[in-house]
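The lines below spell out each chain.
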Amino acid sequence: MGNHGTLNKYLGDGVMALFGAPLSSGHDAAEAVTAAVAMQRSLRRVNETLKMRNLPTLSIGIGINTRGRVLSIDLARPETAHVFAVGTTGSGKTTLIQGIVAQLARANGPDRLRIAGIDTKRELFTGPLATLPHLLYRPAVDQAEASATVAAVTAELERRIAGQERRPRIVLVIDEAWDIDTTALERIARMGRSYGVHLIAATQRGVAGDMAKSTAGQFGVRICGLLAPGDQWTAANIGVGDIYKSLRCAGDFAAYIGGRQSITRFMAAYAGEDDPY
């Protein structure tokens, strides 16, 4: 099989494949996830052909067990109230953020959670994410709209501070954080955790310089994916150390998580564009 998998057995209308047996490549979990994503993409192409022929489309279930643990964070805890992800183009950070947003939407109704989005690259809020009932506004796609969204969330934060309100929780999701006024982001990061306002931000530009380091430091969860060659400062500035050097592929991340002693290595979840949320 591709991605160094081994076909193990047929199970009625399913198959089982092993990764890491009989020989391990050293990053078997990553290759299993890559194979699963390739299967989803191949199925999408098949379904496009079936639709053109007015035939019923197909669906499949894919399960992966690496004998590991699911990584979860609780935005309600002060030490993990905000999430910051950095990685070069192709590192999988947008897919990572999409997975986080999808899971938040699955676990919380619009009465408990509202989402404000800034997506100037027009890659984050796509498919079902673009029409989530949780959205406070249409996702911002240019700098003027982004500034207006940040201003609106900041105004809501100030209103909550004055009235001691905390519900519903609001999550501001930003796909390119350094396009935003960092002073505004620091204000939301410092005060939002106490009033139910949270940040989930991503960037591909790295974390260099005192301003960027200071802003990133306000996030209790700091995630690092593949970095651009020569970017030795980002990993140190967000607290993941040298573990970033061992990251192998898109979707492979290292995370500093507030309240934990060690750096956590994990693979990001993937949700297909046609998956309902």
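Above this note sits the structure.
Because the structure is a prediction, the values reported are computed rather than measured.

Trainee: Teacher, can you tell me more about the overall build of the chain here?
Mentor: Across its full length, the chain carries six helices and nine strands. Here the C-alpha radius of gyration of the chain, 20 Å, is about what a compact globule of 277 residues would show, namely 19 Å. Referenced to the eigenvectors of the C-alpha coordinate spread, the extents of the chain come out at roughly 60 × 45 × 30 Å. Scored against the burial criterion, the 277 residues of the chain give a buried share of 43%. Sequence-distant contacts in the chain: of pairs separated by 6 or more residues, those separated by 24 or more amount to 62%. Of the accessible surface of the chain, which amounts to about 14,600 Å², a share of 52% is contributed by carbon and sulfur atoms. One finds the centroid of the 31 positive side-chain charges in the chain at a distance of 5 Å from the centroid of its 26 negative side-chain charges.

Trainee: What should I look at first to understand the nonpolar core in this one?
Mentor: It is characteristic of soluble globular proteins that their nonpolar side chains tend to be buried jointly. Judged by nonpolar contacts, the single largest core of 34 residues is most densely connected at Phe-84 and Leu-172. Elements with a contribution of two residues or more to this core: β3 (83-86), β4 (113-118), α3 (143-163), β5 (169-174), α4 (182-192), β6 (197-203) and α6 (233-238). With five residues, α3 is the largest single contributor of residues to this core. The residues touching Leu-172, leaving out its near neighbours within four places in the chain, are Ala-116, Ile-118, Thr-149, Val-150, Val-153, Ile-188, His-198, Leu-199 and Ile-200.

Trainee: What should I look at first to understand the pattern of salt bridges in this one?
Mentor: When their charged atoms lie close together, side chains carrying opposite charge are able to pair. Scanning all chains against the criterion turns up ten salt bridges. A salt bridge links Arg-265 to Asp-252; the nearest nitrogen and oxygen atoms lie 2.8 Å apart. Remark: Asp-252 occurs in strand β8 (residues 252-257) and Arg-265 occurs in strand β9 (residues 264-267); sequence separation between them is 13 residues. Judged by its relative accessible area of 37%, Arg-265 is partly exposed. Residue classification places Asp-252 among the buried residues on the basis of a relative accessible area of 4%. Members of the salt-bridge network, linked through shared partners, are Glu-156, Arg-159, Arg-160 and Glu-165.

Trainee: Would you mind showing me how to read the state of the cysteines here?
Mentor: Where two cysteines share a covalent bond between their sulfur atoms, that bond is called a disulfide. The full count for this structure, using the stated rule, is zero disulfides. No disulfide involves Cys-224; its sulfur sits 14 Å from the nearest other cysteine sulfur, which is in Cys-249. Its relative accessible area of 0% is what places Cys-224 among the buried residues. Overall, Cys-249 belongs to the buried group, its relative accessible area being 19%.

Trainee: Mind showing me how you'd approach a nonpolar patch on the surface here?
Mentor: A grouping of Met-39, Ile-60, Ile-62 and Ile-64 is seen on the molecular surface, where their side chains present a nonpolar patch of about 340 Å² in accessible area. In this structure, Met-39 sits in helix α1 (residues 28-52).

Trainee: Please clarify how the sheet that holds β6 should be interpreted in this entry.
Mentor: Paired through backbone hydrogen bonds, the strands of a sheet run either parallel or antiparallel to each other. Pairing is mixed in the open sheet, where seven strands are placed in the order β4-β5-β6-β3-β7-β8-β9. Whereas interior strands pair on both sides, the edge strands pair on one side only; in this sheet they are β4 and β9. Sheet twist, expressed as the mean angle between neighbouring strand axes with direction ignored, is 20 degrees. Two strands pair when backbone bridges link them, and β8 and β9 are joined in this way by four bridges, in the antiparallel orientation.

Trainee: I tried to follow the environment of Arg-190 on my own but got confused; where do I start?
Mentor: Along the chain, Arg-190 turns up in helix α4. Looking at Arg-190, the relative accessible area reads 39%, which means it is partly exposed.

Trainee: Just to check I follow, could you spell out α3 for this structure?
Mentor: Relative to the 30 Å expected for 21 residues at 1.5 Å per residue, α3 spans 30 Å between its end C-alpha atoms, a close match to the ideal helical length. Buried within α3 we find Ala-146, Thr-149, Val-150, Val-153, Thr-154, Glu-156, Leu-157, Arg-160 and Ile-161. All buried residues of α3 lie within an arc of 155 degrees about the axis, which places them on one face of the element. Looking at α3, the residues exposed on the side facing more than 90 degrees away from the buried face are Ala-144 and Ala-162. Buried residues along α3 sit in contact with β4, β5, α4 and β6. At the N-terminal end of α3, a side-chain oxygen is found 3.2 Å from the backbone nitrogen of Ala-144, two or three residues along, and the residue is Asp-142. Immediately downstream of α3, the backbone of Gln-164 shows phi near 60 degrees, a positive value.

What counts and how
Residues numbered from 1 in each chain as written. Predicted model: local features only at pLDDT ≥ 70, side-chain atom pairs only at ≥ 80, totals over all residues. Heavy atoms only, no water. Helix = DSSP H or I, 4+ residues; strand = E, 2+ residues; numbered from the N terminus. Rg over C-alpha atoms; globule rule 2.2 N^0.38 Å. Buried < 20%, exposed > 50% of the residue type's maximum accessible area, 1.4 Å probe, protein only. Contact = heavy atoms within 4.5 Å. Areas by Shrake-Rupley, 256 points an atom, 1.4 Å probe, with all protein chains shown as cover. Lys, Arg positive; Asp, Glu negative; His and termini not counted. Charge placed at Lys NZ, Arg CZ, Asp CG, Glu CD. Core = buried A, V, L, I, M, F, W, Y, C linked by side-chain atoms within 4.5 Å. Salt bridge = Lys/Arg side-chain N within 4 Å of Asp/Glu carboxyl O. Disulfide = S-S within 2.5 Å. Patch = residues over 30% accessible without salt bridge, like charges linked within 9 Å, V, L, I, M, F, W, Y side chains within 5 Å. Pairing = 2+ DSSP bridges. Axes fitted to C-alpha atoms, helices over the stretch in contact; angles between N-to-C directions. Expected span 1.5 Å × (residues − 1). Arc of directions from axis to C-beta. Polar contact = N/O pair within 3.5 Å; in protein donor to acceptor, adjacent residues only side chain to side chain.

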